[in-house]
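Examination of the molecular architecture
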Amino acid sequence: MDALSSRMPSDGPGDGDEAYADILVGSPPPATDPYVRLTFGSFRPPGSTHRHAYDEGMHVLVAEDDGSVAAALVSALQRAGHSCTRVARGSDLLLRHHDAHIVLLDLGLEDMDGLDALRRLRAVSQVPVIVVTARGDERSTVKALSLGADDYLVKPVRLHELLARLVAVTRRYTPPDEPMRVLAGSIDIDIEARRVTAGEREVSLTPNEFGILVSLARRAGQIVTRRQVLDEVWGDAYATSSRSFDVHLGQLRQKLPEATITTVRGVGYRFEHRP
Ligand code: CA
């Protein structure tokens, strides 16, 4: 429990009934790399989260260890047309962020400081985060913003202001678009059909091997960290499945020798443009 937590003020029924139906977030232009062709579409790979239009309300992940504060937040968000998942632990935030459009983050969580949770989250996700905390000091605010928080609210928060900031923060955010298909040299990765071919040869991959390949290939030419791959494929960036990861990556390299996956020591992996 965070002894400093203030109670949410009750603004009475009817709060937050405004419609938030017409918010659209634009899509980035498709990649223009001549060596890797990415086909974009509506497909969302497993672990991928962000929709482009919030016309059905947002899915809000509330990380708050105080039960009554969490209940007040969830109730207000639901009345405003959003759906919510509530967690009390930072470790659960790191497991549950995948389907969230935005995170409301308390800094005094059950198992870790919210700033640590934010740092870990930002290693794998750009999901919008609003810190909602009793800590009103400048140092905490600056720290949270420098770690990647999009906004910072001090408790007790005004519900209408929170809802307005929620919309403002997500409006500024352009979610990364996900390719449906990646063509690189002789390799054709059809993500939607879960099918990989190299020239005329069909390559049979296990779900984990396929997940690693997609995680790397959809950002061909860029370094992807091990944590990002673990987050996308295993759903847990801080999983202890590192050894298992190496085994699956080794098998992927064997099954698909046409792909060049470069290990950048201490940083991550890069699916090369020109295999
Ligand atoms: Ca707390």
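Now for a quick tour of the structure. Since the model is a prediction, treat every value here as computed from it, not as a measurement.

**Thoughts on the overall build of the protein chain**
- Scanning the protein chain from terminus to terminus reveals 8 helices and 13 strands.
- The buried share among the 275 residues of the protein chain stands at 36%.
- By sequence separation, contacts in the protein chain at least 24 residues apart represent 68% of the contacts at least 6 residues apart.

**Quick word on the packing of helix α6 (residues 207-217) against helix α7 (residues 226-234)**
- Interaxial distance between α6 and α7 falls to 9 Å at its minimum, and their mutual angle equals 130°. Considered as vectors, α6 and α7 are oriented oblique to each other. Helix-helix and strand crossings are classified by hand; for α6 and α7 the assignment is right-handed. On the side of α6, the interface is formed by Asn-208, Gly-211, Ile-212 and Ser-215, while α7 contributes Gln-228, Val-229, Glu-232 and Val-233.
- Its residues placed into classes, the contact of α6 with α7 shows 3 nonpolar, 4 polar and 1 charged.

**Re the pairing of strand β5 (residues 129-133)**
- Taken across its 5 residues, β5 has 5 buried, putting it largely inside the fold.
- Burial along β5 is two-sided: the residues Val-129, Val-131 and Thr-133 and Ile-130 and Val-132 are all buried.
- Relative to β5, strand β4 (residues 102-105) is paired through 3 bridges, and the arrangement is parallel. Looking at β5, one finds that Leu-105 is bridged to Val-131.

**Concerning helix α3 (residues 114-122)**
- Gly-114, Leu-115, Ala-117, Leu-118 and Leu-121 are the residues of α3 that are buried. Seen end-on, α3 carries its buried residues on one side only, within an arc spanning 155°.
- Where α3 is buried, its residues touch β2 (59-63), α2 (90-96), β4, β5 and α4 (138-146).

**Here's the deal with unusual backbone geometry**
- For the peptide bond that leads from Lys-155 to Pro-156, omega is -5°, which places it in the cis range.
- Residue placement: Pro-156 occurs in the loop between β6 (151-154) and α5 (159-172).
- Notably, Arg-194 is not glycine yet its phi reads approximately 55°, a positive angle.

**A short note on α6**
- The buried fraction of α6 is high, at 9 of 11 residues.
- Every buried residue of α6 is listed here: Glu-209, Phe-210, Gly-211, Ile-212, Leu-213, Val-214, Ser-215, Leu-216 and Ala-217.

**Quick look at the sheet that holds strand β11 (residues 223-224)**
- Strand order in the open sheet formed by 3 strands is β11-β13-β12, with antiparallel pairing between adjacent strands. In the strand order of this sheet, the two ends are held by β11 and β12 (261-264), each with one partner.
- Bridging between β12 and strand β13 (residues 268-271) involves 4 bridges; their strand directions are antiparallel. Directly across from Ile-261, in β13, lies its bridge partner Phe-271.
- In the packing of α6 onto the sheet, contacts are made with β11, β12 and β13, and the angle to β13 comes to roughly 75°.

**What to know about the nonpolar core**
- Judged by nonpolar contacts, the single largest core of 66 residues is most densely connected at Ala-63, Val-103, Leu-104, Leu-105, Val-131, Leu-213 and Ala-217.
- Residues from two domains meet in this core; each of domain 1 (49-171) and domain 2 (179-273) gives at least three.
- The contacts of Leu-105, once residues within four sequence positions are left out, are Ala-63, Gly-114, Ala-117, Leu-118, Val-129, Val-131 and Val-132.

**Brief notes about the sheet that holds strand β3 (residues 83-87)**
- With respect to topology, 5 strands assemble into an open sheet ordered β3-β2-β4-β5-β6, the strand pairing being parallel. Of all strands in the sheet, those bounded by a partner on one side alone are β3 and β6. Along the sheet, successive strands turn relative to each other by an average axial angle of 20°, direction set aside.
- For β2 and β3, the ladder comprises 5 bridges, and the chain directions are parallel. Paired with Leu-61 across the strands is Thr-85, a residue of β3.

**Let's talk about the environment of Leu-162**
- With respect to the helices and strands, Leu-162 occurs in helix α5.
- Sequence separation between Leu-162 and Val-132 is 30 residues, and the spatial gap between their C-alpha atoms is 9.0 Å.
- Excluding its chain neighbours within four sequence positions, the residues that come into contact with Leu-162 are Leu-153 and Val-157.

**Brief notes about the environment of Lys-143**
- Mapped onto the elements, Lys-143 comes out in helix α4.
- Owing to 18 C-beta atoms within 10 Å, Lys-143 belongs among the partly exposed residues under this scheme.
- Linking Lys-143 and Leu-115, residues 28 residues apart in sequence, is a C-alpha distance of 7.8 Å.

Thresholds applied
Residues numbered from 1 in each chain as written. Predicted model: local features only at pLDDT ≥ 70, side-chain atom pairs only at ≥ 80, totals over all residues. Helix = DSSP H or I, 4+ residues; strand = E, 2+ residues; numbered from the N terminus. Buried ≥ 20, exposed ≤ 12 C-beta atoms within 10 Å, placed from the backbone. Contact = placed C-beta atoms within 7 Å. Axes fitted to C-alpha atoms, helices over the stretch in contact; angles between N-to-C directions. Parallel < 35°, antiparallel > 145°, perpendicular 65-115°, else oblique. Left-handed = near helix turned anticlockwise from the far one by under 90°. Nonpolar A, V, L, I, M, F, W, Y, C, P; charged D, E, K, R; others polar. Pairing = 2+ DSSP bridges. Arc of directions from axis to C-beta. Core = buried A, V, L, I, M, F, W, Y, C linked by C-beta atoms within 7 Å. Domains from an automatic or database assignment.

Purely geometric numbers; function is a separate question.
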